[in-house]
Amino acid sequence: MNGRRALQPAFRRQPASVSSYQPPRPTDAWPLCTSVLPDLYIRLNPNRGRAVLIIERKILGMNNRLGRPWREEVVRSGQLDAVITLPPKIFQNVAMGFAIAILRPAPIHDDVLCIYAEGPPSSPAEADDAFNADLAASIVDAYKNRTAIDGFAQPVPRENLKNMGYELRPSVLVPSGKNPNRIIAGLLEQRRDIERELRLESDAIRKTIERLGEE
C-alpha cells in the first residue's frame, strides 16, 4: 500500500497549473531516425519496475514555468531517478529536443543522475552516427554505476536541485569537461556563424556591384 500511495503524486495527480500541458505523443508521423532508442528504452528498465518517459527537453529548464510543477513534484517526492538528454532529431521531421526521465515508485537514492548524451548531427541522415549502440551502452553503464563521468554523467543531490529552482538540464548540471559531443557542437556553431557572416558579406558585395552597374 505504501508503494502504491507513493506512485500517486507523480503518476496520477496532475497539478492544476499543468492540466493544459500535452506532452509530445509520437505517432506514425514521427518515425524514428535510429533503431537504437527502442533497445535503450528496454535496457533502462529490464525488470519493468520503473517508468521510463520520453519528454520534451525544454521542460527541464528552471525557467520553464509550464514544467515547474512537474519538476518540483518528482524531485521532492524522490521518484525522479535519472534524466538523460538525447541527441537531436531522433524522430524524422521533428526539430524539438527530447530527454528520458526515469521514475521509481519509491526513492532509493538521495540524488538524481544526470546524463548528457546530446549529439551534434545537423540532419536526420546523421542521427545514427551520433546515437549509436556505443553511446547507448555508455548511457546504460553510467545509469547502472551512478558515478560521475567528466562531461557525461553527474549525480546531483536533490537538495541542490531545490536550491537551483529545480533545474534538471544535464547540459547545465553535468560539468562540461572534454565531452567530444560538446566540442563538436561548439565547432559546428562557430562554422554556422562564419557561414552567416560570409553570406552577409556576399550579399553586400552583390548589392554594391548591382548599384555600380546601375550608375
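Quick summary incoming for the structure in this document. Just so it is clear, the structure is predicted and the values come from calculations on it, not from any experiment.

Turning our eyes to something else, we now look at the pattern of salt bridges. Throughout the structure, instances matching the rule amount to eleven salt bridges. As a salt-bridge pair, Glu 56 and Lys 58 come within 3.7 Å of each other at their nearest N and O atoms. As a salt-bridge pair, Arg 146 and Asp 81 come within 3.3 Å of each other at their nearest N and O atoms. Here the residue Arg 146 occupies a position in the loop between helix H5 (133-145) and strand E5 (153-157), and Asp 81 occupies one in strand E2 (residues 80-85), the gap between them amounting to 65 residues.

Here we come to the nonpolar core. Ranked by internal contacts, the top residues of the largest apolar core, which has 26 residues, are Leu 44, Ile 84, Ile 100, Ile 115, Phe 131 and Ile 139. Looking at this core, the elements with two or more residues in it are helix H2 (36-43), E2, strand E3 (98-103), strand E4 (111-116) and H5. The residues touching Ile 84, leaving out its near neighbours within four places in the chain, are Leu 44, Ala 99, Ile 100, Ile 102, Ile 115, Ala 117 and Ile 139. If you look at the next biggest cluster of nonpolar residues, it comprises 21 residues, including Val 74, Val 75, Leu 80 and Val 156.

This paragraph deals with the environment of Tyr 166. Along the chain, Tyr 166 turns up in the loop between helix H6 (158-163) and helix H7 (170-173). Judged by relative accessible area, which is 2%, Tyr 166 ranks as buried. The residues contacting Tyr 166, other than those within four sequence positions of it, are Leu 60, Arg 68, Arg 71, Glu 72, Val 75, Arg 76 and Leu 161.

We now examine unusual backbone geometry. Backbone geometry follows two general trends: most residues other than glycine have a negative phi, and most peptide bonds adopt the trans configuration. Although it is not a glycine, Arg 146 adopts a positive phi angle of roughly 50 degrees. On the accessibility criterion, Arg 146 (15% relative accessible area) is buried. The phi dihedral of Tyr 166 falls on the positive side, at around 60 degrees, and the residue is not glycine.

A relative accessible area of 2% means that Asp 81 is categorised as buried. When sequence neighbours within four positions are dropped, the list of residues in contact with Asp 81 reads Ile 102, Leu 103, Arg 104, His 109, Asp 111, Val 112, Leu 113, Tyr 143 and Arg 146.

This part covers the pairing of E4. Within E4, five of the six residues are buried, which leaves the element mostly enclosed by the surrounding structure. Sheet topology places E2 next to E4; four bridges connect them, and they run parallel. Directly across from Ile 84, in E4, lies its bridge partner Ile 115.

The rules behind each value
Residues numbered from 1 in each chain as written. Predicted model: local features only at pLDDT ≥ 70, side-chain atom pairs only at ≥ 80, totals over all residues. Heavy atoms only, no water. Salt bridge = Lys/Arg side-chain N within 4 Å of Asp/Glu carboxyl O. Helix = DSSP H or I, 4+ residues; strand = E, 2+ residues; numbered from the N terminus. Core = buried A, V, L, I, M, F, W, Y, C linked by side-chain atoms within 4.5 Å. Buried < 20%, exposed > 50% of the residue type's maximum accessible area, 1.4 Å probe, protein only. Contact = heavy atoms within 4.5 Å. Pairing = 2+ DSSP bridges.

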